[in-house]
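Understanding the architecture of this molecule
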Amino acid sequence: MHAMTKKKEQQIQRVGLVVNPTKTGSFLLIKQVVEWLQGQGISVLLDSAASPLLNLDIGAKPVRELPPAVDLIIAFGGDGTMLSVAKQMNGSDTPLIGVKVGGLGFLTSVTENEVFTTLGEVLAGEYRIEERIMLDCSVIHSDGSIHREQVAFNDVVIQRDALERMLMLETYVDDEFLATYACDGLIISTPTGSTAHSLAAGGPIIYPETEAIVITPICPHMLTNRPLVLNSNQVSRVVIASEKSSPGLMIDGQIAVELHQWDQVIVRKAPHTIRLMSSARKSYFEVLRTKLNWGRR
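Residues numbered from 1 in each chain as written. Predicted model: local features only at pLDDT ≥ 70, side-chain atom pairs only at ≥ 80, totals over all residues. Heavy atoms only, no water.

**Re the overall build of the protein chain**
The test is simple: Runs of H or I in DSSP of at least four residues are treated as helices and runs of E of at least two as strands, each being numbered from the N terminus. When we talk radius of gyration, it's over C-alpha atoms, and the globule rule is simply 2.2 Å times the number of residues to the 0.38. Burial classes: relative accessible area under 20% of the type maximum marks a residue as buried, over 50% as exposed, and values in between as partly exposed (1.4 Å probe, protein chains only). Residues count as neighbours in contact if any of their non-hydrogen atoms are within 4.5 Å of one another. For the accessible areas, the method is Shrake-Rupley and the probe is 1.4 Å, while residue cover comes only from the protein chains on display. Only four residue types enter the charge count, namely Lys and Arg as positive and Asp and Glu as negative; His and the chain termini do not. Every charge is mapped to an atom, namely NZ of Lys, CZ of Arg, CG of Asp or CD of Glu.
In terms of helices and strands, the protein chain carries six helices and 18 strands. On C-alpha atoms alone, the protein chain measures out to a radius of gyration of 20 Å, which is about the 19 Å that the 2.2 N^0.38 rule sets for 297 residues. Overall, the C-alpha framework of the protein chain stretches about 60 × 40 × 35 Å when taken along its three principal axes. Split into buried and exposed, the 297 residues of the protein chain put 52% on the buried side. Taking the intrachain contacts of the protein chain between residues at least 6 apart in sequence as the baseline, contacts between residues at least 24 apart amount to 66%. Approximately 14,000 Å² of the protein chain is accessible, and the part contributed by carbon and sulfur atoms is 50%. Separation of charge centres in the protein chain, based on 27 positive and 32 negative side chains, amounts to 6 Å.

Right, dumping it as structure tokens:
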């Protein structure tokens, strides 16, 4: 997958805004953005959860209904907001752009000071679209019951409870035995998520449009256990081999289900991607340098 710049003739005419309702300090900026967009002849829709808080006389829809109704979605918040929106896109190819409100963020590439400059470039067709893979995760419990598939934009994490002993995780790739990890947990990450939990656990930074999946053990009890980069078409299966343990399965940082011995977690590339929009002038490497303070002493 390659980043691409959209042609000018394919103009954006409808924009949807998704707002983190707890970031009240951004409300004034959002109202200014709405006014600015309308001044450019763009029709604007709000997500219905935030609409009453902003008290604007414009249409609103639930986040899940916004993608087919607009040409672009702008999410105001942090990476958590972007993760939430990405999981509600339902396979839509509507591009998504994030405006960072608050602390550190890799997915929210636009700062509050850059909003109007970036939007001006977007409306002029001067932007890039990056396609990011997602993951599908399902659980087969030891009794044969199946936990429904969930979508992850960043990562799938199996992690022990704080008071439990280390986990024993039998791990397979395409049904071939890989290893039994003795560890505090295991992270299966997209390239997008490689700068999240996986990075904190010692995993590599993967260029976000790479077709790859990263397996990173958390605090492995053998020094030879290292992160592993797989082809994105390979399927990972993790079997909980620990006795008397109940690790949590987390999808993008949210607890999804409690696991028990002989439960199996299956992770594969999702059939659809997320299309992230960014300024044509801002590269991923610039974002890395800025966020990680590379080059500073």
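**A few points about the side chain of D155**
Let me state the cut-off plainly: Throughout this description, the term salt bridge denotes a Lys or Arg side-chain nitrogen within 4 Å of a carboxyl oxygen of Asp or Glu.
Turning to its location among the elements, D155 is positioned in strand β9 (residues 155-159). No salt bridge is formed by the buried D155. Its closest oppositely charged neighbour is K87, at 8.7 Å.

**Some words on the packing of aromatic side chains**
Threshold: Classification of ring pairs uses Phe, Tyr and Trp, with its six-membered ring standing for Trp, and accepts pairs whose centres are within 6.5 Å; under 30 degrees between planes counts as stacked, over 60 as edge-to-face, and the remaining range as tilted. Whether a charge sits over a ring depends on NZ of Lys or CZ of Arg being within 6 Å of the ring centre and within 35 degrees of the ring normal.
What the rule picks out here adds up to five aromatic pairs. In this structure an aromatic cluster arises from ring pairing among Y207, Y284 and F285. We note R237 situated over the ring of Y172; from NZ or CZ to the ring centre the distance is 4.3 Å.

**What to know about the environment of A270**
Within the secondary structure, A270 is located in strand β18 (residues 264-279). Classification of A270 by relative accessible area gives buried; the value is 5%. Put simply, A270 and D136 are 134 residues apart on the chain and 4.9 Å apart in space, counted from C-alpha to C-alpha.

**A few points about the pairing of strand β16 (residues 248-251)**
Counted only if it meets this: We treat two strands as partners when DSSP finds at least two bridges between them.
Residues G248 and M250 of β16 are buried on one face, and the alternating residues L249 and I251, pointing to the opposite face, are buried as well. Summarising the sheet, β9 and β16 pair through four bridges and their orientation is antiparallel. Bridge pairing in β16 links V157 to M250. When β16 meets strand β17 (residues 254-258), the two strands line up antiparallel, connected through four bridges. Within the sheet, the bridge partner assigned to I251 lies in β17 and is Q254. Between β16 and β17, which pair antiparallel and follow one another directly, the connecting turn spans two residues, one of which, D252, has a positive phi of 50°.

**Considerations on the sheet that holds strand β13 (residues 212-218)**
Put simply, the test is: Between N-to-C directions, angles span 0 to 180 degrees; the directions come from axes that are lines fitted to C-alpha atoms, helices contributing only their stretch in contact.
Read from one edge to the other, the open sheet built from six strands follows the order β14-β13-β12-β9-β16-β17, with strand pairing classed as antiparallel. Two strands bound the open sheet, and with one partner strand each, they are β14 (228-231) and β17. Pairs of neighbouring strands in the sheet enclose a mean axial angle of 20°, with direction left out of account.

**Overview of the pattern of salt bridges**
Under the definition given, this model contains seven salt bridges. Ionic pairing is found between E130 and R132, a salt bridge with its closest N-O pair at 2.8 Å. Classification of E130 by relative accessible area gives buried; the value is 6%. For R132, a relative accessible area of 7% corresponds to the buried category.

**A short note on the nonpolar core**
The cut-off we apply is this: Residues enter a nonpolar core if they are buried and are Ala, Val, Leu, Ile, Met, Phe, Trp, Tyr or Cys, with the set joined through side-chain atoms within 4.5 Å.
Ranked by size, the top nonpolar core spans 29 residues in total, and within it V15, L17, I30, L72, I74, F76 and M277 carry the most contacts. Put simply, the parts of the chain that give this core at least two residues each are β1 (14-19), α1 (27-39), β2 (43-47), β4 (72-77), β5 (96-100), α4 (115-123) and β7 (127-140). At six residues, the largest contribution of residues to this core is made by α1. If we ignore the near neighbours within four places in the chain, the residues touching M277 are I12, L72, P95, L96, I97, S109, V122, Y127, R128 and I129. Counting residues in hydrophobic clusters, the runner-up holds 26 residues, among them A152, A179, L186 and L230.

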